[in-house]
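Each chain, letter by letter, is given below.
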Amino acid sequence: MIQQLREELVGLHQELIRWGLVIWTAGNVSARVPGEDLFVIKPSGVSYDALTPESMVVCDLDGNLVEGDLSPSSDTAAHAYVYKHMADVGGVVHTHSTYATAWAARGEPIPCVLTMMADEFGGEIPIGPFALIGDDSIGRGIVETLEGHRSKAVLMKSHGPFTIGKSAKAAVKAAVMLEDVARTVHIAQQAGPVEPVDKTSVDRLYDRYQNVYGQ
Ligand SMILES: [Zn+2]
């Protein structure tokens, strides 16, 4: 299982590049190891082109290195905190994607003004607290903001987005969709006010997309 996740994570980091969500090494994907208190994450500071299944590292839910030759991503403590406190989460993604991070810089939630936002996020994209790297304050901010919220994305103030999903792939999808809506709503607002989708419609769209849509 861990080997399979190591391989999957190589491909998912390529998706971050493919969708224009990252520069240099500033983004990471992790995956929970099902049935164990472990997750697999990108090593710190390794370029995306050089990532291999073997270079991925395995950590416990306190962020300690369990398996691997390289140091884990500097965001490992945040990922670990999310896995430890949100049992349904199977994947976590962090990027500094431009438009989502611009909303984070303003500290402004992205209003739910598009049906695709209702589909994927079930409402607005919330802002999380300002938190510095180094302890569990980023992870705590993510969990406190997303618990009891339908959104799979949080914009950490003055920092950038974290997304979660049932799997690492689902969390990457949320990161891609997030950047798309962050860009579209930003562009829409340049020409005038935008109007939120009404709550009843949001609920219907979210329910349909989460439970009926697809194969
Ligand atoms: Zn960051």
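Before any of the text, the structure's been laid out above.
Calculation rules
- Residues numbered from 1 in each chain as written.
- Predicted model: local features only at pLDDT ≥ 70, side-chain atom pairs only at ≥ 80, totals over all residues.
- Heavy atoms only, no water.
- Helix = DSSP H or I, 4+ residues; strand = E, 2+ residues; numbered from the N terminus.
- Rg over C-alpha atoms; globule rule 2.2 N^0.38 Å.
- Buried < 20%, exposed > 50% of the residue type's maximum accessible area, 1.4 Å probe, protein only.
- Contact = heavy atoms within 4.5 Å.
- Areas by Shrake-Rupley, 256 points an atom, 1.4 Å probe, with all protein chains shown as cover.
- Lys, Arg positive; Asp, Glu negative; His and termini not counted.
- Charge placed at Lys NZ, Arg CZ, Asp CG, Glu CD.
- Axes fitted to C-alpha atoms, helices over the stretch in contact; angles between N-to-C directions.
- Parallel < 35°, antiparallel > 145°, perpendicular 65-115°, else oblique.
- Left-handed = near helix turned anticlockwise from the far one by under 90°.
- Nonpolar A, V, L, I, M, F, W, Y, C, P; charged D, E, K, R; others polar.
- Expected span 1.5 Å × (residues − 1).

This paragraph deals with the overall build of the protein. Helix and strand content of the protein: seven helices and eight strands. What you see for the protein is a C-alpha radius of gyration of 17 Å, in line with the 17 Å of a compact globule of 215 residues. In terms of principal-axis extent, the alpha carbons of the protein reach across some 50 × 35 × 30 Å. Counting only residues that meet the buried cut, the protein has 49% of its 215 residues in that class. Considering only contacts within the protein whose residues lie at least 6 apart along the sequence, 64% involve residues at least 24 apart. About 10400 Å² of surface is accessible on the protein, with carbon and sulfur atoms providing 53% of the total. Positive and negative charge centroids in the protein, built from 17 and 27 side chains respectively, lie 6 Å apart.

This part takes up the packing of helix α2 (residues 76–85) against helix α5 (residues 137–146). In a packed pair of helices, the relevant descriptors are the angle between the two axes and the axis-to-axis distance. Where α2 contacts α5, the axes come no closer than 7 Å and their chain directions differ by 40°. With respect to α5, the element α2 is oriented oblique. Judged by the sense of rotation from one axis to the other, the crossing of α2 with α5 is right-handed. Contacts between α2 and α5 involve A78, Y81, V82 and H85 on the former and, on the latter, I138, G139, R140, I142 and V143. Tallied by class, residues from the contact of α2 with α5 come to six nonpolar, two polar and one charged.

For the rest of this paragraph, the subject is the side chain of D75. Looking at the secondary structure, you find D75 in the loop between β4 (65–67) and α2. When sequence neighbours within four positions are dropped, the list of residues in contact with D75 reads N28, H94 and I133.

The next subject is the environment of P196. Within the secondary structure, P196 is located in the loop between α6 (168–190) and α7 (199–211). Residues P196 and I138, 58 residues apart in the sequence, show an inter-C-alpha distance of 29 Å. Discounting chain neighbours no more than four positions away, the residues touching P196 are C112 and V113.

Working note: α-helix, 3.6 residues per turn, so residues spaced by three or four point in the same direction. Its 23 residues place the ends of α6 34 Å apart at the C-alpha level, agreeing with the 33 Å of an ideal helix rising 1.5 Å per residue. Along α6, the positions that sit buried rather than exposed are A168, A171, V172, A174, A175, V176, M177, L178, E179, V181, A182 and V185. Immediately beyond the C-terminal end of α6, within one or two residues, lies G192, with a positive phi of roughly 150°.

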